[in-house]
Amino acid sequence: MVGATAPARQDAGVRAERTDEPVLATVTFTVNGQRRDLELDTRTSLLDAAREHLHLTGSKKGCDHGQCGACTMIVDGRRINACLTLAIMHQGAEIVTIEGLGQPDNLHPMQAAFVRHDGYQCGYCTPGQICSGVAVLEEIRAGIPSHVTADLGAAPQVTEAEIRERMSGNICRCGAYSNIVEAMTEVAEARA
Amino acid sequence: MKSFTYERPSTPAEAAAAVARTPEAKFIAGGTNLLDLMKLQIETPRHLVDVNGLGLDAVEPTEDGGLRIGALVRNTDLAAHPRVRTDYGVLARALLAGASGQLRNKATTAGNLLQRTRCPYFYDTAQACNKRRPGSGCSALDGVSRQLAVIGASDACIATHPGDMAVAMRVLDATVETVDAAGTERRIPIADFHRLPGDDPARDTTLAPGALITAVTLPKPVAGTHIYRKVRDRASYAYALVSVAAILTRDGTGHVAFGGVAPKPWRVEAAEADLPKGARAVTAQVFADAKPTPENAYKLKLAERTLGAALNQARA
């Protein structure tokens, strides 16, 4: 939000009865390399657009308030909470969901590492963890500092402390955190 | 969520005009706080003006050696900016102490300033809250107040400003730049931007209705160790119970603002002369008018100790 609310209409003593009719709008973006044209209720989150309209159900709805990270997608190269953004705000965007990172017969290295290291138990948070994990390693490579980076002038390194801090927006109720750290560390080392 | 119409203007003037002419319109930038509140029907705009296409995303040097930060610069980009990391470390540190990586990628400079309180009674629509529903009362006064304000509050509201970024901007003497539908530009010192609740807690800021934030400017850098210390219930991704934004020299002089304690970033410049005497001498003045509840009185001691830790850090 970037501004204050405009004053409500001043001309009537009572506010006009609010109708709650849906308002439709169109949006075009690319999801996992495929162009998508949608007509949506303006209220539709990017997460609901993917799950309910495109039937890409890999991204999960946990809290729907940006607190759990289960909905994490990579939009224009950056991880975001897909539940806290409107689909219609992403005209022309390049969106990658867990389905776009890899498939069962062609796993992304991070997906393979999660399997190898048991980086999950129930699996509900896993698509968000993996999207976030892929983006976190890119953020470190790009030199973006974190709360635990000791020297703001130096390039951040892939350490356990850095991974734990940067992954704090992805909650795992099963508590697979230590295995997630191992999986991400392995992927980072394989790349180095 | 209540339904709304939507538009995406291409200039700041058009955006301000769109909000001015449309009843119950709001700007939306990152949306991370506004959409959260819309889902709960705490915010119910009828029209959203998406400002993401306006530019306003540059970080540029100013003529006097300072920095001008566009309203739409994302928190991640601001924290990672070379000039911010080198010259305004307290700001980089405050940004990195806030929210999660996903949220910082979306959240903007202007939106961060305008984020609303996380007082649990503001969020719970079954409770009385003068900020959410003026005149309904304040359930927090006799409620769970552990997280809430110890100073600057009123009998109508004891909510805190939840942010970290604004606390650093307060110690840096930032200025908020705005434009309205008539094209009138205004420069608001950060000290005057957030307001105390008094008997009108619904208004968080002095921003004029319909005005659009275009930038935040920082004066030229202040020498010293830049520190942001945040005390919270878990190590990451939690709001401050108390935070300290400080710029300190080795001899103990400097500047300090506190977060998590008041409806706005809390700074008492007159107390800063006593920084060389130690934390207690400063916090005794900064919090002289505090009216804590039994549940949040711990924040006064915590503020003193957090400042003490910052002073030790600066001397190390």
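Note that the structure is a prediction, hence the values are computed from the model and not measured.

Kindly report on the overall build of chain A, identifying the contributing residues and their values.
Summing up its helical and strand segments, chain A has 6 helices and 5 strands in all. Counted from the first residue to the last, chain A has its helices and strands arranged as β-β-α-β-β-β-α-α-α-α-α. Looking at chain A residue by residue over its 192 residues, the buried ones come to 54%. In the form shown here, chain A has an accessible surface area of approximately 9,000 Å², with 49% of it arising from carbon and sulfur atoms.

Tell me what's going on with the sheet that holds strand β9 (residues 225-231) of chain B, and back it up with residues and numbers.
Residue and element names in this part refer to chain B. Strands sit in the order β9-β10-β11 across an open sheet of 3 strands; the sheet is antiparallel. The sheet terminates laterally at β9 and β11 (254-259), the two strands that pair on one side only. With direction set aside, neighbouring strand axes in the sheet form an average angle of 10 degrees. Pairing geometry for strand β10 (residues 242-248) and β11, over 6 bridges, is antiparallel. Directly across from Ala245, in β11, lies its bridge partner Ala257. Against the sheet, helix α12 (residues 298-315) contacts β9, β10 and β11, and its axis sits at roughly 30 degrees relative to β10.

Would you mind going over helix α1 (residues 46-53) of chain A in detail, with residue names and values included?
One full turn of an α-helix is made of 3.6 residues, so residues set three or four places apart face in the same direction. Residues and elements named next belong to chain A. For α1, the tally of buried residues reaches 6 of 8 residues, placing the bulk of the element in the interior. For α1, the set of buried residues is Leu46, Leu47, Asp48, Ala49, Ala50 and Arg51. Contacts made by the buried residues of α1 are with β1 (24-31), β2 (34-41), β3 (72-75), β4 (78-81) and β5 (94-96). Backbone geometry just after α1 places His55 at a positive phi near 55 degrees.

Got a sec to walk through the interface of chain B and chain A? Specific residues and values, please.
Between chain B and chain A, the contact holds 64 residues from the first and 53 residues from the second. Counting the surface lost from both chain B and chain A, the interface buries some 4,900 Å², and carbon and sulfur atoms represent 54% of this. Ranking the residues of chain B by area buried against chain A places B:Arg85, B:Arg93 and B:Gln102 at the top, with a combined share of 15%. Here B:Asp77 ties to A:Arg78 by a salt bridge, and the two come within 2.4 Å at their closest N and O atoms.

Provide a residue-level description of the nonpolar core, including the pertinent values.
One finds B:Leu91, B:Leu113, B:Met169, B:Phe193 and B:Ile213 to be the most contacted residues of the largest nonpolar core, which totals 41 residues. When contributions to this core are tallied by element, the ones reaching two or more residues are β5 (67-70), α3 (75-80), α5 (89-96), α7 (109-114), α9 (165-171), α10 (190-193), β8 (212-218) and β10 of chain B. In this view, B:Met169 contacts B:Ile69, B:Leu91, B:Thr109, B:Leu113, B:Ala174, B:Ile190 and B:Val216; residues no more than four positions away in its chain are not counted. Core analysis: the next-biggest nonpolar cluster, separate from the first, contains 34 residues, A:Leu46, A:Ala49, B:Leu34 and B:Tyr237 among them.

How would you summarise the sheet that holds strand β7 (residues 185-189) of chain B if you had to cite specific residues and measurements?
Residues and elements named next belong to chain B. The strand order across the open sheet formed by 5 strands is β4-β5-β8-β6-β7, and the pairing between neighbours is antiparallel. Unpaired on one side and paired on the other, β4 (59-61) and β7 mark the two borders of the sheet. Between one strand axis and the next, the sheet turns through 25 degrees on average, direction left out of account. Across 3 bridges, β4 lies against β5 in antiparallel orientation. Counterpart to Glu60 in the pairing with β5 is Arg68.

With reference to specific residues and values, describe the layout of surface pockets.
Residue and element names in this part refer to chain B. Each pocket or cavity is described by its volume, and for the second largest pocket that value is around 890 Å³. Lining the second largest pocket are 37 residues, with Ala99, Leu103, Arg118, Tyr237 and Tyr239 positioned closest to its centre. A breakdown of the residues in the lining of the second largest pocket according to their chemical character gives 15 nonpolar, 15 polar and 7 charged.

Outline the pairing of strand β2 (residues 25-28) of chain B, listing residues and values.
All names here are of chain B. Both faces of β2 are covered, namely the face carrying Ala25 and Phe27 and the face carrying Lys26 and Ile28. Direction of pairing for β2 relative to strand β3 (residues 47-50): parallel, over a ladder of 4 bridges. Across the sheet, the residue bridging to Lys26 is Leu48, located in β3. Chirality of the crossover, the property in question, places the unit of β2, helix α2 (residues 34-39) and β3 among those that are right-handed.

If you had to explain empty space enclosed by the protein to someone new, which residues and values would you point to?
The rolling of a water-molecule-sized probe over the atoms marks out the regions of remaining empty space. The tally for this structure, following the rule as stated, stands at 4 cavities of 30 Å³ or more. One number sums up the size of the largest cavity: a volume of about 150 Å³. Taken together, 15 residues form the lining of the largest cavity, with B:Gln147, B:Thr160, B:Pro162, B:Tyr239 and B:Ala240 sitting closest to its centre. Each residue belonging to the lining of the largest cavity can be placed in one class, and the counts come to 7 nonpolar, 7 polar and 1 charged. Size it by volume and the second largest cavity reaches roughly 90 Å³. Surrounding the second largest cavity, A:Arg79, A:Glu139, A:Ile144, A:Pro145, A:Ser146, A:Arg166, B:Thr76, B:Ala79, B:Leu96, B:Gly101, B:Arg104 and B:Asn105 form its lining. The greatest single-element share of the lining of the second largest cavity, amounting to 3 residues, is contributed by helix α6 (residues 101-106) of chain B. A class-by-class count of the residues in the lining of the second largest cavity yields 4 nonpolar, 4 polar and 4 charged.

I'd like a description of the side chain of B:Ser3, backed by residues and values.
For B:Ser3, the position within the fold is in the segment before β1 (5-7). Of the polar contacts made by the side chain of B:Ser3, one reaches the backbone oxygen of A:Glu21; its length is 2.9 Å.

Describe the domain arrangement of chain A, naming the residues involved and giving the relevant values.
All names here are of chain A. Here chain A is partitioned into domain 1 (24-101) and domain 2 (109-191). Inter-centroid distance (C-alpha atoms) of domain 1 to domain 2 is 22 Å. If you look at the interface, domain 1 gives 14 residues, while domain 2 gives 15 residues. Both sides together, the interface formed by domain 1 and domain 2 hides about 1,300 Å², and carbon and sulfur atoms give 59% of it. Among the residues domain 1 hides against domain 2, the three largest losses belong to Arg79, Ile98 and Leu101. Together they make up 43% of the total. Summed over the shared surface of domain 1 and domain 2, the number is 1 salt bridge. Across the salt bridge formed by Glu139 and Arg79, the nearest N and O atoms sit 2.9 Å from each other. The tally of links between domain 1 and domain 2 comes to 7 residue pairs in polar contact (both at pLDDT 80 or more). Among the elements of the structure, β3 and α2 (98-101) are those that each provide at least two residues to the side of domain 1 that touches domain 2. Looking at the side of domain 1 that touches domain 2 residue by residue, the classes come out as 5 nonpolar, 6 polar and 3 charged.

About the thresholds
Residues numbered from 1 in each chain as written. Chains lettered and ligands numbered in written order. Predicted model: local features only at pLDDT ≥ 70, side-chain atom pairs only at ≥ 80, totals over all residues. Heavy atoms only, no water. Helix = DSSP H or I, 4+ residues; strand = E, 2+ residues; numbered from the N terminus. Buried < 20%, exposed > 50% of the residue type's maximum accessible area, 1.4 Å probe, protein only. Areas by Shrake-Rupley, 256 points an atom, 1.4 Å probe, with all protein chains shown as cover. Pairing = 2+ DSSP bridges. Axes fitted to C-alpha atoms, helices over the stretch in contact; angles between N-to-C directions. Contact = heavy atoms within 4.5 Å. Buried area = accessible area lost by both parts, 1.4 Å probe. Salt bridge = Lys/Arg side-chain N within 4 Å of Asp/Glu carboxyl O. Core = buried A, V, L, I, M, F, W, Y, C linked by side-chain atoms within 4.5 Å. 1 Å grid on protein atoms, 1.4 Å probe; cavity = no way out; pocket = protein on both sides within 12 Å on 5 of 7 lines; lining within 4 Å. Points joined across faces, edges and corners; volume = space filled by probe spheres on them. Nonpolar A, V, L, I, M, F, W, Y, C, P; charged D, E, K, R; others polar. Right-handed = clockwise from strand over helix to strand, strands pointing away. Polar contact = N/O pair within 3.5 Å; in protein donor to acceptor, adjacent residues only side chain to side chain. Domains from an automatic or database assignment.

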